[in-house]
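Listed here are the chains, written in short residue letters.
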2 protein chains.
Amino acid sequence: MTPLPAEGRVRAVVEGVSPVVDGGRFPVKRVIGDRLVVEADAFADGHDVVVVELLHAAPDGRESDRIPMEPLGNDRWRAELPLDTLGRHAFAVTARVDPFATWRRDLAKWRDAGQDLTQELIVGANLVEAAAARTAGADARALSAAAARLRGTGSQAARARAGLDERLARRMHRNADRSREARSPDYPVFVDPVHARFSTWYELFPRSASPKPGRHGTLRDVIRRLDYVAGLGFDVLYLPPIHPIGHTHRKGPNNRTTASPGDPGVPWAIGAAEGGHTAVHPELGTLADVDALVTAAARTGVRVALDIAFQVSPDHPWAREHPEWFRRLPDGTIRYAENPPKKYEDIYPFDFDTPAWQELWTELLGVFRFWMSHGVRIFRVDNPHTKAFPFWEWAIAELKRADPDVLFLSEAFTRPKVMYRLAKLGFSQSYTYYTWRTGKQELIDYFEEITRPPVSDIFRPNVWPNTPDILHESLQHGGRPAFALRVVLAATLAASYGIYGPAYELAERVPREPGSEEYLDSEKYQIRHWDLEREDSLAPLIGRLNAIRRSHPALQTNERLVFHETSGDHLLAYSKRTADGSDVVLTIVNLDPHHAHAGSVVLDLPALGLESGSTYEVHDLLDGATYRWWGATNYVELAPQVRPAHVFEVRR
Amino acid sequence: MTPLPAEGRVRAVVEGVSPVVDGGRFPVKRVIGDRLVVEADAFADGHDVVVVELLHAAPDGRESDRIPMEPLGNDRWRAELPLDTLGRHAFAVTARVDPFATWRRDLAKWRDAGQDLTQELIVGANLVEAAAARTAGADARALSAAAARLRGTGSQAARARAGLDERLARRMHRNADRSREARSPDYPVFVDPVHARFSTWYELFPRSASPKPGRHGTLRDVIRRLDYVAGLGFDVLYLPPIHPIGHTHRKGPNNRTTASPGDPGVPWAIGAAEGGHTAVHPELGTLADVDALVTAAARTGVRVALDIAFQVSPDHPWAREHPEWFRRLPDGTIRYAENPPKKYEDIYPFDFDTPAWQELWTELLGVFRFWMSHGVRIFRVDNPHTKAFPFWEWAIAELKRADPDVLFLSEAFTRPKVMYRLAKLGFSQSYTYYTWRTGKQELIDYFEEITRPPVSDIFRPNVWPNTPDILHESLQHGGRPAFALRVVLAATLAASYGIYGPAYELAERVPREPGSEEYLDSEKYQIRHWDLEREDSLAPLIGRLNAIRRSHPALQTNERLVFHETSGDHLLAYSKRTADGSDVVLTIVNLDPHHAHAGSVVLDLPALGLESGSTYEVHDLLDGATYRWWGATNYVELAPQVRPAHVFEVRR
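Residues numbered from 1 in each chain as written. Chains lettered and ligands numbered in written order. Predicted model: local features only at pLDDT ≥ 70, side-chain atom pairs only at ≥ 80, totals over all residues. Heavy atoms only, no water.

## Things to note about the pattern of salt bridges
All names here are of chain A.
Consideration 1: Enumeration according to the criterion identifies 118 salt bridges over all chains in this entry.
Consideration 2: Across the pair Asp45 and Arg11 runs a salt bridge, and its minimum N-O distance is 2.9 Å. Pair noted here: Asp45 is in the loop between strand E3 (35-44) and strand E4 (50-57) and Arg11 is in the segment before strand E1 (12-18), with a separation of 34 residues, a long-range link. Accessibility classification places Asp45 together with Arg11 in one group, the buried group.
Consideration 3: Its salt-bridge partner being Asp403, residue Arg377 comes within 3.1 Å of it at the nearest N-O pair. You can see Arg377 sitting in the loop between helix H9 (357-372) and strand E18 (378-382) and its partner Asp403 sitting in the loop between helix H10 (389-402) and strand E19 (407-411), a full 26 residues away along the chain. (Salt bridge = Lys/Arg side-chain N within 4 Å of Asp/Glu carboxyl O. Helix = DSSP H or I, 4+ residues; strand = E, 2+ residues; numbered from the N terminus. Buried < 20%, exposed > 50% of the residue type's maximum accessible area, 1.4 Å probe, protein only.)

Rendered as structure tokens:
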């Protein structure tokens, strides 16, 4: 016999709740100040009145008052939940048949039709009395009085008026019988600080930060570089690993397999006699210098992000102390990192299949804890997709539990589903394929994918036109104009973006060899000296873009990104606007770094908050020019050497 | 501290499994003989080989062998599961990192690159030995021997060949360590008989089945009508309620609130002194007649469907014996059915909020059980959306548990989400909005919605151009040609359809009053006599359509319904084809019953299995004409009085 349910009188249904990721398995991501828009399908059998409410528990477990949900039609309901606390929230949707609201609705109909109300008024009195019995104090007294009025000796009209009284309805709602309420599962929401969504990153190699050519840069040099970075409007300064670098099989310049005595090695070959993931490379400075950098950066409005690369050089203390954390060969040696038939002899990867996984996980977690104790609150994680997924879910949850403001950027240029999985597991931001998306349609398709639900509920893109590992061929061949247009795209398409500098602003673009995405003489293997004062530096353009981003909230979110029709394959037009429509930015970019292109832009006027046929001004935030436009179709011309793009403020 | 997982080394991930309804809360629906196509995203960290398998448990709990899933690219995997047992199946998807398959893949690469294999061969031997230790018998012996070969004194080339041996790979797969496998939840699938998907319904009122005008029809008359029904190609004969009809507040002809002595009343006002839901109306016959009808029908290939309407007349025995199953007024009387300010005094609805809900549910379940014991296997359920949803979920599960072949048709012309919920709860088929969809675009939109996932995974449309309750205005005004075109649409758009006859084939179309969807002199309130031999009967067309449906498997499913472009607002073109492409039916209908329309049809040739530019024949299954067509665009002309439609077999 199929068992009867414990309570068969739960007549309402809640389904189709959004936003929900994988049935509630993972939290949706929001930032402080967001209003979470919750929708659900809710209904019951028959025609009784259904009441739908949103429940909310804050990260500390405190439950908010029930928020009434409003019907949108077609049994869809909606409510908004303001999010003003960092951390893991939960919400649920409830629905129930409301006998009193149903009675009240019908009473008015019976009355208006002139029917005798004798029986109905007693039915109402019974409902009100039952509610009075469920509660105490003022409400109980008021409800008892109302029941008496309904039952009383007044005229039917007067008693009906008492039954329809608004205050009575509110009191009955407050004291409703919710014992047969349908309730959705609890769905999680993680609320991050605002800079999880809106951040502007600058990556530099401290080794090259010395003002003197030939001297190894230090963290103190980086402190002196802060004014430059902050002056350009960046708010996150990201440093590649700052730990001691291994000597065994150290790489030479341009990834040569042998190093000469003075070669500094690769910062990602972590660990030497001086220590491992919690030590500072002596040539860069000391832990005190890290503290000083974090403090000085904060003073300029910049947060320091450290790179966490979970792998070791053969000289790392862990390789000696914990060989069980690595995959070993039958002869007892540790397996190198490998991609058969290639071996990378300067690196040992961890073995996440080790029987000692608990110890390994705990130790790795400690690396984050260590740097958090030195004030670091943002981590760029190197190749997270080559570490076990359950580790990330556990480690990020554990770290955010006490410190919900800490952020993790996933450096995962891998398969899309793996990247999205890492986002679900807790990474706050992720690298993207932007670096390789240069064509008009592929840019549109990709940004539509990553800026809309379901992806945007879990995945926050941080787009990089270059990284130390990727000098895209469009930059190699497009010259300075390519660097200009790619940073304009990054800064205006995505709420978070970053550049690897000073290589970027100086348009460093010679590959190690033809067809390679590696830089010639890359800082990964050697110290470079950069002339920040160069005439042709893109720093002024980048500084202008970042200033525009700061003053235009439309650019600080990926919501409401809309692409507009343009003629030809080279002009790309898109807009962003704030939820209230008070800020609208329209960007038009010439994607061809070699030739001028002119053509028409056919604007989706409603997306810009404009009525069809209206006249409006577009004010170019890059060069200050203002144009008077009319209607949807307008003419633009962009020459790469003159201006890479229009970044228009749209003024009604 | 966030607790560590019990096992942190589950490195693979399974997500995005399909087909799944509401995260597995409800089963997807299939029929016997279907192959269930299961897809899932599966991957692991890093670059190890991932093995993905489909698990299946039959309704009796028996587990099938694991079915390997094949990669589709982009981390998507696929397998097919043949469904050959009625009832509730379950499937799950597993994924795991496979160390031996990874080793094998890499060994070939090391070998091809000419590397020394000393260590790798021992690694392999260790893996094989571990597998040998996990098993016994022939496999254990063979694996031990293979390990010895890998470790042996042969040349590296010979030992590598032994390691790459296909039989060894299969043995290792069979004996793999699955202890750290990722596994999806178990997802349910309900397998119905084929006629849950493909069925052709004929509804008639037994009261009007008498060959003699003026005499009350009987079930014996219905038996005599079987040849007619079966001869037209119908395979389900559906009868409105056959129970005793109440006398209190009995309705007269045309829904008059008072009946005259001879008026037969409404069959849905169930229950009188003679009995209730398990009794037969004496004027129709006896239980023995029901048995005889079911048996005689089966002999002609027709199944009998009974209408189950859970409501009672005031004279029903339950109203007296179980007043607690109804909503009562303070004066002790039972509330009538009502829609304030209207009351329906011939009907009492059940109160699903009653404290005695368990007894009520059990008794209602018993009604189905009773008729099932008389051989009835299909139930049309009247207004299921006004009964508590949990009741349906429980009752249908319980009834299908022992009798997985029983089918339930949901008569719910209500809000879309309510209709879909009833389908999820277990109803096998559902009424649809087809009855009101007459325009070209609304037909396309609606059929695209209901014939594609996610809707088609749970909802099986049974489309009716008319019912005793609905004489749509297009039939009232469109005359016989409207009846012709609407039945062509129903028969070719949907794998299941039905008509209310003989009103349909005789094009009965006078409304009770202008603007009403009710019939004048409806059989709901009085006995009618129908002249089945009328010259203008649509029976020949309907018989032809049903014969076409029987001989064309493309029309027996809603999968692969494709609409084709046509000129103008009146021509509608669509095709269906079988999965193997061996049967392709293209239907073109003139939706205007008043005027001829001509125009072009632009065919989606790949959807028809045709190459662009090819020549092919279209053979009209209605009139036998054959046309030679070329390419995508062809000309058609349809005059309502001459032919309502082309139903083409497409011949390559």
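So, next bit.
## A word on the packing of helix H10 (residues 389-402) of chain B against helix H11 (residues 416-425) of chain B
All names here are of chain B.
Consideration 1: Interhelical geometry of H10 versus H11 gives an angle of 30° and a closest axis separation of 9 Å. Of the possible angle classes, the one that applies to H10 and H11 is roughly parallel. Between H10 and H11, the residues in contact are Phe389, Trp392, Glu393 and Ile396 and Val418, Arg421, Leu422 and Leu425, respectively.
Consideration 2: Among the residues forming the contact of H10 with H11, the class breakdown is six nonpolar, no polar and two charged. (Axes fitted to C-alpha atoms, helices over the stretch in contact; angles between N-to-C directions. Parallel < 35°, antiparallel > 145°, perpendicular 65-115°, else oblique. Contact = heavy atoms within 4.5 Å. Nonpolar A, V, L, I, M, F, W, Y, C, P; charged D, E, K, R; others polar.)

## Let's talk about the environment of Leu489 of chain A
Residues and elements named next belong to chain A.
Consideration 1: In this structure, Leu489 sits in helix H13 (residues 473-493).
Consideration 2: On the basis of relative accessible area, Leu489 is assigned to the buried category, the value being 0%.
Consideration 3: Separated by 156 residues in sequence, Leu489 and Ala645 have C-alpha atoms that sit 8.9 Å apart.
Consideration 4: Leu489 has contacts with Tyr434, Leu443, Ala494, Leu572, Tyr574, Val589 and Leu591, leaving out every residue within four places of it along the chain.

## Things to note about the relation of the copies chain B and chain A
Consideration 1: The operation relating chain B to chain A is a screw motion whose rotation component is 180°, with 0.0 Å of axial translation and a residual RMSD of 0.0 Å. In short, the pair behaves as if placed about a two-fold rotation axis. Considering only C-alpha atoms, the part of chain B nearest the rotation axis is Gly23 of chain B, at 3.2 Å.
Consideration 2: The overlap is high: 100% of the interface residues of chain B also sit at the interface in chain A, so the same surface is used on both sides. (Least-squares fit on C-alpha atoms with pLDDT ≥ 70 in both.)

## Topic: the interface of chain B and chain A
Consideration 1: Residue-level contacts link 68 residues of chain B with 68 residues of chain A.
Consideration 2: Across the chain B to chain A interface the summed buried area is about 5900 Å²; carbon plus sulfur atoms make up 56%.
Consideration 3: For the interface between chain B and chain A, the tally reads 14 salt bridges.
Consideration 4: For the salt bridge of Glu15 of chain B with Arg421 of chain A, the shortest nitrogen-to-oxygen distance reads 2.8 Å.
Consideration 5: Across the chain B-chain A interface, the total number found is 25 residue pairs in polar contact (both at pLDDT 80 or more). (Buried area = accessible area lost by both parts, 1.4 Å probe. Polar contact = N/O pair within 3.5 Å; in protein donor to acceptor, adjacent residues only side chain to side chain.)

## Considerations on the packing of helix H3 (residues 137-151) of chain A against helix H5 (residues 166-174) of chain A
Residues and elements named next belong to chain A.
Consideration 1: Viewed as axis vectors pointing N to C, H3 and H5 meet at an angle of 125°, and their least axial separation amounts to 11 Å. As the angle between them shows, H3 and H5 are arranged oblique. As for how H3 packs across H5, the hand of that crossing is left-handed. When H3 is examined against H5, the residues Asp139, Ala142, Leu143 and Ala146 are found in contact with a partner set consisting of Leu168, Arg171, Met172 and Arg174.
Consideration 2: When its residues are assigned to classes, the contact of H3 with H5 shows five nonpolar, no polar and three charged. (Left-handed = near helix turned anticlockwise from the far one by under 90°.)

## Re the packing of aromatic side chains
Residues and elements named next belong to chain A.
Consideration 1: Using the criterion set out here, one finds 90 aromatic pairs over all chains in the structure.
Consideration 2: Where Phe391 meets Trp394, the ring centres are 6.3 Å apart and the plane angle is 50°; that geometry is what we call tilted. With a gap of three residues between them, Phe391 and Trp394 both fall in helix H10, about one helical turn apart.
Consideration 3: Here Phe391 falls in the buried class, since its relative accessible area comes to 0%.
Consideration 4: Residue Trp394 is classed as buried on the basis of its relative accessible area, which comes to 3%. (Phe/Tyr/Trp six-rings, centres within 6.5 Å; stacked < 30°, edge-to-face > 60°.)

## As for the side chain of Asp139 of chain B
Residues and elements named next belong to chain B.
Consideration 1: Mapped onto the elements of the fold, Asp139 is located in helix H3 (residues 137-151).
Consideration 2: We classify Asp139 as buried; its relative accessible area is 13%.
Consideration 3: Not counting chain neighbours up to four residues away, the residues in contact with Asp139 comprise Arg171, Arg174 and Asn175.

## Overview of the side chain of His472 of chain B
All names here are of chain B.
Consideration 1: Position of His472 among the secondary structure elements: in the loop between strand E21 (462-463) and helix H13 (473-493).
Consideration 2: Look at His472 and you get buried, because its relative accessible area is 8%.
Consideration 3: At 2.8 Å, the side chain of His472 forms a polar contact with the side chain of Ser474.

Structural measurements only, silent on function.
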